[in-house]
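Analysis of the macromolecular model
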Amino acid sequence: MVNILVPTDLSDLSKVAVLYAIKIANKLDGTVTLLNVINIVQPTRATMRLRLKKLEQELLDVAKEDMEVLVKEVSKHLKTTHPIQVKIVKGSSFNETVKREAKKLRTGLVVMGTRGASGLRKYVLGSNTTSVIEVSHVPVLAVPELGDFKNFKNVVYASDLKHIEKELKTLIPYLEKFDSIVHLIHIASSSKQVAAVEKKIDDVVQKCGFKNVVVRVLVNKKIDEAIDHYVETTKADLLAMFTHDPSVFEKLFDRSMTRKMAFHSKVPLLAFKQR
């Protein structure tokens with residue numbers, strides 16, 4: 001049984017993620033916990049701390065009422081296998097708080113909403129979802145604003161091949177539950193690389209013993225463009241990628257492909273952090 005954590009700010013976008021998570025939980029006989037994080041910076045002056053304590057309690061009370069309304073609202077649309085749990089916590093850092101609570105609850109999946117961005121906004125736009133992807137050791141499912149779960153029949157797994165065997169062994173247990181067909185794709189910069197790369201991937205797939213895998217090596221210098229095109233062509237239900245700790249250069253320019261695709265993808269993105 002999988003425990004799914006859904007951080008929510010009660011926005012319309014986060015409600016999409018809640019409904020999506022419930023449908024997954026129902027299919028897997030899992031549980032859903034809604035998490036609301038109250039961010040409060042503690043002042044240094046004692047008089048201000050007393051005032052803030054009263055305000056803090058008011059915020060917690062309002063959040064509790066709003067979360068109860070949300071649970072009633074989603075319950076009208078969907079029946080749940082297990083009762084929806086609600087947790088409201090204080091935290092100075094949203095992503096670190098989500099990471100901490102996911103560990104406490106032994107969460108198997110974090111589900112969050114994400115709104116698309118393009119062009120320059122893709123590089124400069126901040127997002128709670130992408131910040132959680134950066135720190136979470138639990139897989140994060142980023143759901144676009146029009147996301148509606150039906151199944152994960154066709155899954156596109158985009159790999160840079162650096163840790164392909166380890167990544168497949170991590171990914172396979174999640175996808176076996178959905179009887180998924182995995183489209184394992186790699187984007188090469190030259191057609192000269194295709195034959196050798198395909199053989200390398202085929203050897204790893206056979207070693208892992210996963211049968212439902214389609215291997216494709218695509219030639220394109222624009223990685224995100226190639227992934228988008230393949231996802232659209234195959235009518236994929238899910239895009240899976242693995243992220244890594246960014247270098248100083250990547251932190252400055254947000255060049256991580258997984259973080260870019262969290263904004264860019266029109267289908268849900270399942271992001272794993274490499275360990």
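Below you will find a few notes about this structure. (Residues numbered from 1 in each chain as written. Predicted model: local features only at pLDDT ≥ 70, side-chain atom pairs only at ≥ 80, totals over all residues. Heavy atoms only, no water.)

Regarding the pattern of salt bridges
Enumeration over the complete set of coordinates arrives at 11 salt bridges. Ionic pairing is found between Asp12 and Lys15, a salt bridge with its closest N-O pair at 4.0 Å. Residue Asp12 and its partner Lys15 are both found in helix 1 (residues 12–28); the two are separated by three residues, about one turn of the helix. Look at Asp12 and you get exposed, because its relative accessible area is 61%. In this structure Lys15 comes out as partly exposed when scored by relative accessible area, which is 22%. Glu101 is the salt-bridge partner of Lys104, the closest N and O atoms lying 3.7 Å from each other. (Salt bridge = Lys/Arg side-chain N within 4 Å of Asp/Glu carboxyl O. Helix = DSSP H or I, 4+ residues; strand = E, 2+ residues; numbered from the N terminus. Buried < 20%, exposed > 50% of the residue type's maximum accessible area, 1.4 Å probe, protein only.)

Things to note about the nonpolar core
If you look at soluble globular proteins, the nonpolar side chains tend to sit buried side by side. By size, the foremost hydrophobic cluster in this structure holds 52 residues, and its most contacted members are Ile4 and Leu141. With nine residues, helix 1 is the single largest residue contributor to this core. Ignoring any residue separated from it by four or fewer positions in sequence, one finds Ile4 in contact with Ala21, Ile24, Ala25, Thr31, Val32, Thr33, Thr107, Leu109 and Val111. Residues Val156, Val231, Met241 and Val267 belong to the second largest nonpolar core, which totals 15 residues. (Core = buried A, V, L, I, M, F, W, Y, C linked by side-chain atoms within 4.5 Å. Contact = heavy atoms within 4.5 Å.)

Overview of helix 7 (residues 194–208)
Taking 1.5 Å of rise per residue, the 15 residues of helix 7 would be expected to cover 21 Å, and the 21 Å separating its terminal C-alpha atoms lies within 8% of that figure. Taken together, the buried positions of helix 7 are occupied by Val194, Val197, Ile201, Val204 and Val205. All buried residues of helix 7 lie within an arc of 105° about the axis, which places them on one face of the element. Residues of helix 7 that are exposed and angled more than 90 degrees away from the buried face: Ala195, Ala196, Lys199, Gln206 and Lys207. In this structure, the buried side of helix 7 is in contact with helix 6 (164–176), strand 7 (181–188) and strand 8 (213–219). (Expected span 1.5 Å × (residues − 1). Arc of directions from axis to C-beta.)

Details of the sheet that holds strand 1 (residues 3–7)
Spatially, the 10 strands line up as an open sheet ordered 3-2-1-4-5-10-9-6-7-8, and their pairing is mixed. One side of each edge strand has no neighbouring strand; the edge strands of this open sheet are strand 3 (85–90) and strand 8. Across the sheet, the mean angle separating the axes of adjacent strands is 25° when strand polarity is ignored. Two elements, strand 6 (residues 154–158) and strand 9 (residues 238–243), share three bridges in a ladder whose sense is parallel. By the bridge assignment, Val155 is partnered in strand 9 with Leu238. This element, helix 5 (residues 128–135), spans strand 4 (109–114), strand 5 (140–144), strand 9 and strand 10 (269–273) of the sheet and lies at about 150° to strand 4. (Pairing = 2+ DSSP bridges. Axes fitted to C-alpha atoms, helices over the stretch in contact; angles between N-to-C directions.)

Considering the packing of helix 6 against helix 7
Running from amino to carboxyl end, helix 6 crosses helix 7 at an angle of 45°, the nearest separation of the two axes being 10 Å. The angle between helix 6 and helix 7 places the two elements in the oblique class. Helix-helix and strand crossings are classified by hand; for helix 6 and helix 7 the assignment is right-handed. Here helix 6 contributes Ile164, Glu165, Leu168, Lys169 and Ile172 to the contact with helix 7, which in turn contributes Ile201, Val204, Val205, Lys207 and Cys208. Counted by class, the contact of helix 6 with helix 7 contains seven nonpolar, no polar and three charged residues. (Parallel < 35°, antiparallel > 145°, perpendicular 65-115°, else oblique. Left-handed = near helix turned anticlockwise from the far one by under 90°. Nonpolar A, V, L, I, M, F, W, Y, C, P; charged D, E, K, R; others polar.)

Some details on a negative patch on the surface
A cluster of acidic side chains, namely Glu58, Asp61, Glu65, Asp66 and Glu68, defines a negative patch on the protein surface. Residue placement: Glu65 occurs in helix 2 (residues 46–77). (Patch = residues over 30% accessible without salt bridge, like charges linked within 9 Å, V, L, I, M, F, W, Y side chains within 5 Å. Areas by Shrake-Rupley, 256 points an atom, 1.4 Å probe, with all protein chains shown as cover. Lys, Arg positive; Asp, Glu negative; His and termini not counted. Charge placed at Lys NZ, Arg CZ, Asp CG, Glu CD.)

Description of helix 6
Between its terminal C-alpha atoms helix 6 stretches 18 Å, which fits the 18 Å expected from 13 residues at 1.5 Å a residue. At Thr170, helix 6 shows its largest bend, some 25°, and a proline, Pro173, comes one to four positions later. For helix 6, the set of buried residues is Ile164, Glu167, Leu168, Leu171, Ile172 and Leu175. (Bend = angle between axes of the 7 residues up to and from the residue.)

Here we look at empty space enclosed by the protein
Remark: the empty space left among the atoms is shown by a probe the size of a water molecule rolled over them. Under the defined criterion, the tally for this structure stands at two cavities of 30 Å³ or more. Approximately 140 Å³ is the volume found for the largest cavity. In terms of lining residues, the largest cavity is bounded by Val2, Ile24, Leu28, Leu109, Leu141, Phe152, Tyr174, Leu175, Lys177, Phe178, Leu238 and Leu270. Elements that contribute at least two residues to the lining of the largest cavity include exactly helix 1 and helix 6. Taken together, the residues of the lining of the largest cavity break down into 11 nonpolar, no polar and one charged. A volume near 40 Å³ is recorded for the second largest cavity. Considering the residues around the second largest cavity, the lining is formed by Ile22, Ala25, Asn26, Gly30, Thr31, Val32, Thr80, Thr81, His82 and Ile84. When residues of the lining of the second largest cavity are assigned to their parent elements, the largest contribution, three residues, is made by helix 1. Broken down by class, the residue content of the lining of the second largest cavity amounts to four nonpolar, six polar and no charged. (1 Å grid on protein atoms, 1.4 Å probe; cavity = no way out; pocket = protein on both sides within 12 Å on 5 of 7 lines; lining within 4 Å. Points joined across faces, edges and corners; volume = space filled by probe spheres on them.)

Read these as geometric descriptors, not functional statements.
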